[in-house]
Amino acid sequence: MSFRIRGPNASSGMGVADHSKNTFLELQRKKVHRYVIFKINEKKKEVVVEKTGDPAESYDDFTAALPENDCRYAVYDFDFVTPENCQKSKIFFIAWSPAVSRIRAKMLYATSKDRFKRELDGIHYEIQATDPTEMDLEVIRDRAH
């Protein structure tokens, strides 16, 4: 069995739409979004914004917005208070690759992840999750502290 990867970006992954970078900057600098979910548009061969979450949305809203059976990239702006009573914020990059998703999708997202993540300057932590327990709110809290 052999695999042939087609396309000009086969080794470096997908391109990144300007709108994707700009939406990330809005989350990072202007706090306009609580989260951004990205998907790969195979026809355009680039990573595009699928959904954004309002700053008032919860972590449960974010996890509910991820598809149960398909891969996605996401960034989540996690606000918390330190033991010293300081308000802090950390940006998490989440590579969502559910166990039940197609193997082709898993491969595509895995090979494009590093290139995409390099475009998003200011990520504090990365989480790779194949089921919801791997990105539970407690996991996020533990990593942020």
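Above this text sits the structure in question.
My aim in this report is to walk through the structure given alongside it, one point at a time. Everything numeric in this text was worked out from a predicted model, so none of it was measured.

The rules behind the values
- Residues numbered from 1 in each chain as written.
- Predicted model: local features only at pLDDT ≥ 70, side-chain atom pairs only at ≥ 80, totals over all residues.
- Heavy atoms only, no water.
- Helix = DSSP H or I, 4+ residues; strand = E, 2+ residues; numbered from the N terminus.
- Buried < 20%, exposed > 50% of the residue type's maximum accessible area, 1.4 Å probe, protein only.
- Contact = heavy atoms within 4.5 Å.
- Pairing = 2+ DSSP bridges.
- Axes fitted to C-alpha atoms, helices over the stretch in contact; angles between N-to-C directions.

### A look at the environment of Gln87
Argument step 1. Structurally, Gln87 can be placed in strand β5 (residues 87–96).
Argument step 2. The exposed category is assigned to Gln87, whose relative accessible area is 58%.
Argument step 3. In this structure Gln87 touches Asp79, Phe80 and Val81, once residues within four positions along its chain are discounted.

### As for the sheet that holds strand β3 (residues 46–53)
Argument step 1. A sheet is described by the order of its strands in space; here 6 strands give the open sequence β1-β3-β2-β4-β5-β6, paired in mixed fashion. Two strands bound the open sheet, and with one partner strand each, they are β1 (15–16) and β6 (125–129).
Argument step 2. Strand direction decides the pairing type here: β5 and β6, joined by 5 bridges, are parallel. What sits directly across from Ile94, in β6, is Ile127.
Argument step 3. Sheet strands touched by helix α1 (residues 18–30): β1, β2 (35–41), β3, β4 (72–81) and β5. Its angle to β3, the strand with the most contacts, is close to 35°.
Argument step 4. Against the sheet, helix α4 (residues 137–144) makes contact with β4, β5 and β6, and its axis sits at roughly 155° relative to β6, the strand it touches most.

Coordinates in, geometry out; function isn't part of it.
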